[in-house]
Amino acid sequence: MGRKGRVCLEIEDRHELHRRYHEDGATAETLAAAFGISRSTAQIIAGVRQPRGLTLAERYWLKVVRGEGPDDCWAWTARTSGFGYGSIRRGGAKDGSVPAHRLSWEIAHGCEVPAGMNVLHSCDNPPCTNPEHLFTGTQLDNIRDCVAKGRFVSRRPAYGEDNHAAKLTRADVDEMRALYRGGGWTYAQLGARYGVCSMSILRVIKRRTWVAV
Ligand SMILES: [Zn+2]
């Protein structure tokens, strides 16, 4: 196989190859000929062979399907661990696995996640690895985030003044949308600025709340 070969087919072709292998029973040889790739690459795309000689980042890109729009979640197509998070082996047999969204954050930022920090989802979709939907926080942030998203059972639902979005004023909403449009602000940074969780920011930016403003 090879890094010289066409490892990266278009996403549509990868889906089609995967489907034909698993649903139509096409062989790797047939698919290799049909898509102009090597047999082993066809096996890798079908998910039945581990690529060799690829970097961790290259293996990551083989397993993720980006959403169509820039704000869409990126689906993880390979193994998941508990709680639905994507999982990928670091490399060597003894190196263990890394959560796929954590690796995505590292690839996007070009550095390791700072010690003591977790990579959290603003989209509340565990298998998503879109770095735009990821931010770092402490475990305490994680718990607060879960509470804010209603994943922890509380005595009563968050409505009215208990609703995080209700902490915002119309002026806040106008300003944060302007800041976001201007670029350079992440949901997490805006959340810190306005004292609400990233999910609330995402909803405001995407006009799921404050629709009429
Ligand atoms: Zn997402």
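Predicted, not measured: the structure shown is a model, and the values here were computed from it.

Participant: In this structure, what is going on with the overall build of the chain? I would like to understand it.
Facilitator: A count of helical and extended segments in the chain gives 9 helices and 6 strands. When each of the 213 residues of the chain is scored for burial, the buried share is 24%. Sequence-distant contacts in the chain: of pairs separated by 6 or more residues, those separated by 24 or more amount to 49%.

Participant: Help me out: how do you make sense of the packing of helix α4 (residues 56–63) against helix α5 (residues 100–109) in this one?
Facilitator: Across the interface, α4 lies against α5 with an axial gap of 11 Å and an inter-helix angle of 120°. Accordingly, the angle class assigned to the pair α4 and α5 is oblique. By crossing handedness, the relation of α4 to α5 is classed as left-handed. Across the interface between the two elements, L56, A57 and Y60 from α4 touch A100, L103, S104 and I107 from α5. Looking at the contact of α4 with α5 residue by residue, the classes come out as 6 nonpolar, 1 polar and no charged.

Participant: Whenever I open this one, the packing of helix α1 (residues 11–23) against helix α3 (residues 39–46) confuses me. Can you help?
Facilitator: Working note: a packed helix pair is described by the angle between its axes plus the distance between those axes. The interhelical angle for the contact between α1 and α3, taken along N-to-C directions, is 90°, at an axis separation of 9 Å. Judged on the interaxial angle alone, α3 and α1 are roughly perpendicular. Within the contact between the two elements, α1 uses R14, L17, H18, Y21 and H22 and α3 uses A42, I45 and A46.

Participant: Explanation requested: α3 in the structure shown.
Facilitator: Two residues of an α-helix separated by three or four positions point the same way, owing to the 3.6 residues in each turn. Where α3 is concerned, the buried positions are T41, A42, Q43, I44 and I45. In the core, the buried residues of α3 are packed alongside α1, α2 (28–35) and α4.

Participant: Teacher, can you tell me more about unusual backbone geometry here?
Facilitator: Excluding glycine, a negative phi dihedral is what most residues carry, and trans is how most peptide bonds are arranged. One non-glycine residue, D124, lies in positive phi territory at about 60°. By secondary structure assignment, the location of D124 is in the loop between β5 (118–121) and β6 (134–137). What makes D124 partly exposed here is the crowd of 18 C-beta atoms within 10 Å.

Participant: Can you help me understand the environment of G82 in this one?
Facilitator: Among the structural elements, G82 can be located in the loop between β2 (75–76) and β3 (87–89). Residue class for G82 comes out exposed when judged on the 7 C-beta atoms lying within 10 Å of it. Separated by 44 residues in sequence, G82 and P126 have C-alpha atoms that sit 9.9 Å apart.

Participant: Help me out: how do you make sense of the environment of G116 in this one?
Facilitator: Tracing the backbone shows G116 in the loop between α5 and β5. A tally of 8 C-beta atoms within 10 Å means that G116 is categorised as exposed. Sequence spacing of G116 and G137 is 21 residues, and the spatial spacing of their C-alpha atoms is 8.5 Å.

Participant: Where do I start with the confidence of the model for the chain in this structure?
Facilitator: Caution applies to low-pLDDT regions: their predicted coordinates should not be interpreted in detail. Model confidence for the chain is summarised by a mean pLDDT of 79, while 81% of its residues fall at 70 or above. α2 holds the highest mean pLDDT among the elements of the chain, 94, whereas helix α6 (residues 139–148) holds the lowest, 69. Considering only residues more than four positions removed or in separate chains, one finds that residues 1–6, a stretch of pLDDT under 50, has 12 contacts. pLDDT under 50 marks residues 153–165. Its contacts with residues more than four places away, or in other chains, come to 13 contacts.

Participant: How do you make sense of the environment of T41 when you look at a structure like this?
Facilitator: By the element assignment, T41 lies in helix α3. T41 sits in the buried class, given 25 other C-beta atoms within 10 Å. In this structure the C-alpha to C-alpha distance between T41 and L31, which are 10 residues apart in sequence, comes to 9.8 Å.

Rules of the game
- Along each chain, residue indices are assigned from 1 in the same order as the chain's sequence is written.
- The model is predicted, so local features are restricted to residues of pLDDT at least 70 and side-chain atom pairs to those at 80 or more, both for listing and for counting; the totals for chains, interfaces and linings are taken over all residues.
- Secondary structure elements are defined from DSSP: runs of H or I of at least 4 residues count as helices, runs of E of at least 2 residues count as strands, and each element is numbered from the N terminus.
- Three exposure classes are used. Buried residues have 20 or more other C-beta atoms within 10 Å of their own C-beta, exposed residues have 12 or fewer, and partly exposed residues fall in between, all C-beta atoms being placed from the backbone.
- Throughout, a pair of residues is in contact if the C-beta atoms placed from their backbones lie within 7 Å.
- Only the stretch in contact is used when a helix axis is fitted, and all axes are lines through C-alpha atoms; the angle between N-to-C directions ranges over 0 to 180 degrees.
- What sets the label is the angle itself: under 35 degrees gives roughly parallel, over 145 gives roughly antiparallel, 65 to 115 gives roughly perpendicular, and the rest give oblique.
- Crossings are sorted by hand: turned counterclockwise from the far helix by less than a right angle, the near helix makes the crossing left-handed, and turned clockwise it makes it right-handed.
- Put simply, Ala, Val, Leu, Ile, Met, Phe, Trp, Tyr, Cys and Pro go in the nonpolar bin, Asp, Glu, Lys and Arg in the charged bin, and everything else, Gly too, in the polar bin.
- Scored from 0 to 100, pLDDT records how confident the predictor is in each individual residue.

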